[in-house]
Amino acid sequence: MTRIAIIGLGEAGRLYAAGLAGAGAEVRGFDPYQDTRTTPGPVVDQRDELSESINGADLVLSLVGASAAVEVATETLPLLGAQTIYADLNTTAPEIKQHIAQRAERSGVLMADVAVLAPVPRDGHRTALLASGGGAEGFVALMEPFGMSLTVVPGAAGEAARMKLLRSIFMKGLAALVIESLGAARVSGSEVWLRDRIAQELGEGGAALVERLVSGSYEHAPRREQEVRASLAELEASGQPADMTRATLAWFERILAERD
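These figures come from a predicted structure and were not determined experimentally.

The rules behind the values
Residues numbered from 1 in each chain as written. Predicted model: local features only at pLDDT ≥ 70, side-chain atom pairs only at ≥ 80, totals over all residues. Heavy atoms only, no water. Helix = DSSP H or I, 4+ residues; strand = E, 2+ residues; numbered from the N terminus. Buried < 20%, exposed > 50% of the residue type's maximum accessible area, 1.4 Å probe, protein only. Contact = heavy atoms within 4.5 Å. Areas by Shrake-Rupley, 256 points an atom, 1.4 Å probe, with all protein chains shown as cover. Lys, Arg positive; Asp, Glu negative; His and termini not counted. Charge placed at Lys NZ, Arg CZ, Asp CG, Glu CD. Polar contact = N/O pair within 3.5 Å; in protein donor to acceptor, adjacent residues only side chain to side chain. Core = buried A, V, L, I, M, F, W, Y, C linked by side-chain atoms within 4.5 Å. Pairing = 2+ DSSP bridges. Axes fitted to C-alpha atoms, helices over the stretch in contact; angles between N-to-C directions. Right-handed = clockwise from strand over helix to strand, strands pointing away. Phe/Tyr/Trp six-rings, centres within 6.5 Å; stacked < 30°, edge-to-face > 60°. Lys NZ or Arg CZ within 6 Å of the ring centre and 35° of its normal. Parallel < 35°, antiparallel > 145°, perpendicular 65-115°, else oblique. Nonpolar A, V, L, I, M, F, W, Y, C, P; charged D, E, K, R; others polar. Expected span 1.5 Å × (residues − 1). Arc of directions from axis to C-beta.

Novice: I'm lost on the overall build of the protein in this one. Help?
Specialist: A tally of helices and strands in the protein yields 11 helices and 7 strands. Here the protein holds 260 residues, and 47% of them are scored as buried. Sequence separation of 24 or more characterises 61% of the internal contacts of the protein that already satisfy a separation of 6 or more. Summed over all atoms, the accessible surface of the protein reaches about 12,400 Å², with 54% contributed by carbon and sulfur. Charged side chains of the protein number 24 positive and 34 negative; the gap between the two group centres comes to 2 Å.

In structure tokens, the structure reads:
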């Protein structure tokens, strides 16, 4: 049986833990900041110590968020054996993934840069993933039996992250455009009409997509603001115009300011 350790038991981490366990994996979790055993949501075999969760693991998934990705990798990698693959699923800049890969190499561990391509609550552990880096092939081999949507991206760690940021330029920009359009329509009393028109233009499932774009932008504003900021940096580094993405970032900064 494949043994998987999940570090970070927020919304995505718990969904991955429950989905993979339900698909037949042996899953252990660790999170120093919350005890999932006392909160509503998917049941996770949460351990009290990092070492307990990763002992004997074939695969370690890091789902701690961009700000903690390096810290968690620094603490975890020296504890792993050469037989374990370390997969970073956090949305960070390619340079961060490359830095973690370098740390993994020094510890003799294969690292996979994994990009999550959609909100995890929608499809759970079957959410589409891109993987790059030295541990990508091994990551896919371990995860394929659990019904996951996996694509290996040729190249070193950081390539999957880069491709996700390119997608984020569009998706987060679309969210900002929808929010701005509906705000203007609300003032004139035509929000319902415009929401319906936008949904029709987006095709099948358009209404649900509009709702996810709007509600998700507010619910996950801190994480998405960081994602847009990383996307902007990637876009600027390419030498291409970044006017729309700068405006998208301004929208997410505004949403955060409204929350404070």
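Novice: Please clarify how the side chain of His-125 should be interpreted in this entry.
Specialist: With respect to the helices and strands, His-125 occurs in the loop between α5 (120-123) and β6 (129-132). Here Phe-146 takes part through its backbone oxygen, which lies 3.0 Å from a polar atom of the side chain of His-125.

Novice: Just to check I follow, could you spell out the nonpolar core for this structure?
Specialist: Soluble globular proteins tend to pack their nonpolar side chains together in the buried interior. By size, the foremost hydrophobic cluster in this structure holds 28 residues, and its most contacted members are Ile-4, Ile-6, Tyr-16, Leu-20, Leu-61, Phe-139 and Met-143. Looking at this core, the elements with two or more residues in it are β1 (3-7), α1 (11-22), β3 (59-62), β4 (85-88), β5 (110-116), β6 and α6 (136-143). Residue contributions to this core peak at 4 residues, all from α6. In contact with Met-143, other than residues within four places in its own chain, are Ile-4, Leu-20, Leu-59, Leu-61, Met-148 and Leu-150. In terms of nonpolar packing, the next biggest core, distinct from the first, is built from 19 residues, Ile-54, Leu-80, Tyr-86 and Ile-100 among them.

Novice: Sorry if this is basic, but what is going on with the sheet that holds β1 here?
Specialist: Across a sheet, strands are paired by hydrogen bonds formed along the backbone, either parallel or antiparallel in direction. An order of β2-β1-β3-β4-β5-β6-β7 is seen for the 7 strands of this open sheet, with the pairing classed as mixed. Taken across any chain shown, the strands that pair with only one partner, and hence form the sheet edges, are β2 (26-30) and β7 (150-152). Looking at each pair of strands side by side, their axes are set apart by 25° on average, direction ignored. Pairing analysis gives 3 bridges linking β6 to β7, with the strands arranged parallel. Residue pairing for β7: Leu-130 is matched across the bridge by Thr-151. Running over the sheet, α1 touches β1, β2, β3, β5 and β6 and is turned about 170° from β1. Contacting β4 and β5, helix α4 (residues 94-106) runs over the sheet at an angle of about 155° to β5.

Novice: What is the right way to look at the pairing of β6 in this model?
Specialist: It is a general feature of regular strands that their side chains alternate between the two faces of the sheet. A two-sided burial pattern is seen for β6, the buried positions comprising Leu-129 and Ala-131 on one face and Leu-130 and Ser-132 on the other. Two elements, β5 and β6, share 4 bridges in a ladder whose sense is antiparallel. Residue pairing in the sheet places Val-114 in a bridge with Ala-131 of β6. Where the polypeptide runs from β6 across α6 and back to β7, its parallel neighbour, the crossover connection is right-handed.

Novice: Hey, could you run me through the packing of aromatic side chains in this one?
Specialist: A ring pair, where both rings are aromatic, is described by two values, the distance of the centres and the angle of the planes. Enumeration according to the criterion identifies 0 aromatic pairs in this entry. Lying across the ring of Trp-251, Arg-254 places its NZ or CZ 4.7 Å from the centre.

Novice: Explain the packing of helix α9 (residues 206-219) against helix α11 (residues 243-259) to me, please; I cannot follow it from the model alone.
Specialist: When two helices pack together, their arrangement is captured by the angle between the axes and the distance separating the axes. Running from N to C, α9 and α11 cross one another at 60°; their axes reach a closest spacing of 9 Å. Between α9 and α11, the interaxial angle falls into the category oblique. Contacts between α9 and α11 involve Ser-217, Tyr-218 and Glu-219 from the former and Trp-251, Phe-252, Ile-255, Glu-258 and Arg-259 from the latter.

Novice: Honestly, the packing of helix α7 (residues 159-187) against helix α8 (residues 191-202) in this entry has me stumped. Any pointers?
Specialist: Interaxial distance between α7 and α8 falls to 8 Å at its minimum, and their mutual angle equals 150°. If you check the angle between α7 and α8, you find them roughly antiparallel. Every residue of α8 that contacts α7 at Val-178, Ser-181, Leu-182, Ala-185 and Arg-186 is listed here: Glu-191, Leu-194, Arg-195 and Ile-198. Here the residues of the contact of α7 with α8 sort into 5 nonpolar, 1 polar and 3 charged.

Novice: Looking at this structure, how should I read α11?
Specialist: Along its 17 residues, α11 runs 25 Å from first to last C-alpha, staying within 8% of the 24 Å computed at 1.5 Å per residue. For α11, every residue scored as buried is listed here: Thr-245, Thr-248, Leu-249, Trp-251, Phe-252 and Ile-255. Here the buried residues of α11 occupy an arc of 155° about the axis, which is enough to place them on one side. In this structure, α11 carries Asp-243, Ala-257 and Glu-258 as exposed residues pointing more than 90 degrees from its buried face.

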